[in-house]
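Here is what each chain is made of, one letter per residue.
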Amino acid sequence: MMPPDLSKPASAASEAASASDTPLMSARSLVKTFTVGRTLRPGSGRTLHAVDAISLDVFPAETLGLVGESGSGKSTLGRCLTRLYDIDGGTLTFEGVDITRADARALKPMRRNVQMIFQDPSASLNPRRRVRDVLAEVLKVHRIREGAGIEQRLLELMDLVGLRREYLDRYPHEFSGGQRQRIGIARALAVEPKLIVADEPVSALDVSVQAQIVNLFSDLRERLDLTYVFIAHDLAVVRQVSSRVAVMYLGSIVETGETDALYARPSHPYTQALLSAIPQPHNRGSRERILLSGEIPSPLDPPTGCKFSTRCPQAQDICRQVRPVLAALSTERQVACHFPLG
Amino acid sequence: MTFVEKPILLDVNGLTVAFATDRGPVTAVRDVSFSVREGEILSIVGESGSGKSVTLLSLLGLHDRKTTRVNGMVSFRGRGILDLSPGELRSIRGREIGLISQDPMTALTPVYTIGWQIAEQIRAHERISARAARKRAVELLGEVGLSNPQEAVDRYPHQLSGGMRQRAVIAMALSCNPALLVADEPTTALDVTVQAQVLDLLLRLRKDFGSAIILITHDMGVVSEVADRVAVMYAGRIVERGETEAMFESPLHPYSWGLMGSIPPLAGPRLARLKSIPGMPPTPDRIGEGCGFAPRCAFARAACLERPPLRKIGTQAALCVLEEPERAALRRTVLSAEELA
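Residues numbered from 1 in each chain as written. Chains lettered and ligands numbered in written order. Predicted model: local features only at pLDDT ≥ 70, side-chain atom pairs only at ≥ 80, totals over all residues.

What follows covers the overall build of chain B. Across its full length, chain B carries twelve helices and twelve strands. Structurally, chain B occupies a C-alpha span of about 65 × 50 × 45 Å along its principal axes. Split into buried and exposed, the 341 residues of chain B put 48% on the buried side. In chain B, once contacts between residues fewer than 6 apart in sequence are set aside, the share between residues at least 24 apart is 66%. (Helix = DSSP H or I, 4+ residues; strand = E, 2+ residues; numbered from the N terminus. Buried ≥ 20, exposed ≤ 12 C-beta atoms within 10 Å, placed from the backbone. Contact = placed C-beta atoms within 7 Å.)

This is how it looks when you write it as structure tokens:
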């Protein structure tokens, strides 16, 4: 059962706001579902809407932060954007080319331009292959360099991510977590992509090392004119790296906006509660905490109306009946709420 | 809040923990001393490998006695507990000291209901009927904020969400009204909105039951929110300790400066770059007598190769050769006024 509002793209606002700039990647009413609990009986199993009709633009040279708690669908959305997942509905375009249903062959040119960095670098690096082989494979698959050019590029990549050149002949287990993430970044950079989707790239790292990698992301963006979609649950880290932020809850985007403005004046009650829940060593004691009751509901059985209505301190009757559409509040801000905060 | 007048509950003096490994003994915790007063929340903060969990496990006697050597003095309510037999320790653990572990999924067995597991713990320490223990379990689940304790008591761990499981583990730790709760990263596996609920619960428990809490965490934000006093661990040593307020206003140790500079602020002007600490923490087998942080410290000098002195300033203390006013001047080069609370 889906409210009628969601069948039409909720993107008119973002298109109007961005008329001056063509998006690099564009999603319209993107849907990704999973079937859970299926048995041999035909028609069994239930449908989980992990990404529930999301419309989103990624503009050149921006860093779009994608935040949300576990189960919000942010990682699934990231994997749809890179087409690691097949998409079940809506459209996805990259540089104007529709890639919603492109097959592996048709996707290959896009893969050169869109790369992904994963949370756990030890799980995403083959333990039996040296750094050299991991990186060179990417260059060979995409026929980017040949012969001596490959070696030259490998050295460049090591320099870019701040690893010593002689580490090329080491195996992943010989590195620390932070160094392994640098290798993951080097692999993504190898093909000189335009867009990098990074899924929780620093959350497995200790704070002192996390700061190094966050800085590396900033440096690389400037040096290589990269565009990032930066997925993370840590709102402080997202604020540090992002120019624009999209907040997700139960498979939907509830608010997007320019980073500083969104953090200073959240419009959606969920964004406000999320921000207030973060314990902060800076400015301690200077803010009021909004304690949400309960936890994020199961995406198998999302609340009717606004998905946040079951935990929202401001919820009214209409919130439990009609699902709000992501709509423009100003040129910079979109919010899906019947009663956005002033 | 100050706890100076309250009696000391747990006193740890010169705790040193070494493991036997294939490559010889490795010292994971060196000469660690701290105390916790009744009703006080002490936070031990540090990165992975700093020795914070080992410190806790060994003072609770939860280490492997065959491969681990624990030296030093640990007294709980004035009674030395390091030399107690496993049986004697068991009568303290669970009854007088409750443990909350990081991952509620591994702290709970999947094959029994939550209620059964809480009742088992109560009956291990008190002579009480199964029916009465179950009734206590329902009460405890209500106290930790489960909305429907009558129903939750018969649920299996997999039927509960992460936040509810952590509440169940806290209920279990509380079951015998312990004087001291030891919580090892109790909110690390939880989402921020749920973390806020659990931290709120810990503060309420201290208020309502007067339990002292040792909270192990890597999150400086959590520390600043709940702790009365802080101990910062690095490379097996407590490099700085003091009252939370003072420590956030004027951290003494260069490692603490680095930690605070590494955290991006949530409000105010954004920083062009974070002040990360170069390099990475040493593994325990690479730590000598000198300051463990010296290889990463921008202010390291020859004296840092020797065992660092303990310098006390007011309620604070740090293991570092730096002295005032040089320390304050150097701190200003690292942290701006806004970055200090």
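In this section: the overall build of chain A. Looking only at helices and strands, chain A has eleven helices and twelve strands in total. Here chain A has a C-alpha radius of gyration of 21 Å; the compact-globule value for 342 residues is 20 Å, and the two agree. Taken over the C-alpha atoms alone, chain A extends approximately 65 × 55 × 45 Å along its principal axes. By the burial criterion, 47% of the 342 residues in chain A qualify as buried. The contacts in chain A between residues at least 6 apart in sequence include a share of 64% that link residues at least 24 apart. (Rg over C-alpha atoms; globule rule 2.2 N^0.38 Å.)

All right, on to the packing of helix H4 (residues 114-125) of chain B against helix H5 (residues 130-143) of chain B then. Two measures define how a pair of helices packs: the angle their axes make with one another and the distance between the axes. All names here are of chain B. Running from amino to carboxyl end, H4 crosses H5 at an angle of 115°, the nearest separation of the two axes being 8 Å. Regarding H4 and H5, the two cross each other, and that crossing is right-handed. Contacts between H4 and H5 involve Gly115, Ile118, Ala119, Ile122 and Arg123 from the first element and Ala130, Ala133, Arg134, Arg136, Ala137 and Leu140 from the second. Across the contact of H4 with H5, the residue classes break down as seven nonpolar, one polar and three charged. (Axes fitted to C-alpha atoms, helices over the stretch in contact; angles between N-to-C directions. Left-handed = near helix turned anticlockwise from the far one by under 90°. Nonpolar A, V, L, I, M, F, W, Y, C, P; charged D, E, K, R; others polar.)

Let's shift gears to the sheet that holds strand S10 (residues 237-243) of chain B. All names here are of chain B. Spatially, the eight strands line up as an open sheet ordered S6-S7-S8-S3-S9-S10-S12-S11, and their pairing is mixed. The open sheet has two free edges, formed respectively by strand S6 (97-100) and strand S11 (310-313), since each of these has just one partner strand. Neighbour to neighbour, the strand axes of the sheet diverge by 15° on average, direction disregarded. Judged from the four bridges that link them, S11 and strand S12 (residues 316-319) form a sheet pairing that is antiparallel. By the bridge assignment for S12, Ile313 is matched with Gln316. Packing of helix H7 (residues 162-174) onto the sheet brings it into contact with S6 and strand S7 (180-184), and relative to S6 it is tilted by some 170°. (Pairing = 2+ DSSP bridges.)

Right, let's talk about the packing of H4(B) against H7(B) for a bit. Residues and elements named next belong to chain B. Following both chains from N to C, one finds H4 and H7 inclined at 20°, their axes separated by 9 Å at the closest point. Classified by the interaxial angle, the pair formed by H4 and H7 is roughly parallel. Taken as a pair, H4 and H7 cross one another with a handedness that is right-handed. The residues of H7 that touch H4, namely those facing Ile114, Gln117, Ile118 and Gln121, are Ala168, Ala171 and Met172. Across the contact of H4 with H7, the residue classes tally to five nonpolar, two polar and no charged. (Parallel < 35°, antiparallel > 145°, perpendicular 65-115°, else oblique.)

Consecutive side chains of a regular strand alternate in pointing toward one face of the sheet and then the other. All names here are of chain A. With five of its five residues buried, strand S7 (residues 195-199) lies for the most part within the structure. Bridge count between S7 and strand S8 (residues 227-232): five bridges; the pairing is parallel. Each residue of the ladder has a partner; that of Ala198, found in S8, is Phe230. Between S7 and its parallel partner S8, the chain crosses via helix H7 (residues 207-224), and the hand of that crossover is right-handed. (Right-handed = clockwise from strand over helix to strand, strands pointing away.)

So, on to the interface of chain A and chain B. Taken together, the contact between chain A and chain B spans 35 residues of the former and 37 residues of the latter. Elements supplying a minimum of two residues to the side of chain A that touches chain B: H7, helix H8 (235-241) and helix H10 (269-277) of chain A. When residues of the side of chain A that touches chain B are assigned to their parent elements, the largest contribution, nine residues, is made by H7(A). Across the side of chain A that touches chain B, the residue classes tally to 17 nonpolar, twelve polar and six charged.

Now for the sheet that holds strand S5 (residues 97-98) of chain A. By definition, the strands of a sheet pair up through backbone hydrogen bonds, in either a parallel or an antiparallel sense. Residue and element names in this part refer to chain A. Taking strand neighbours across the sheet as the criterion, the four strands line up as S2-S1-S4-S5 in an open arrangement whose pairing is antiparallel. Single-partner strands in this sheet number two, and they are strand S2 (46-58) and S5. Pairing of strand S1 (residues 25-36) with S2 involves ten bridges; the strand directions are antiparallel. Each bridged residue has a counterpart across the sheet, and for Leu30 the counterpart in S2 is Ile54.

When the domains of chain B are assigned, the result is domain 1 (110-175) and domain 2 (250-339). Taking only C-alpha atoms into account, the centre of domain 1 of chain B sits 43 Å from that of domain 2 of chain B. (Domains from an automatic or database assignment.)

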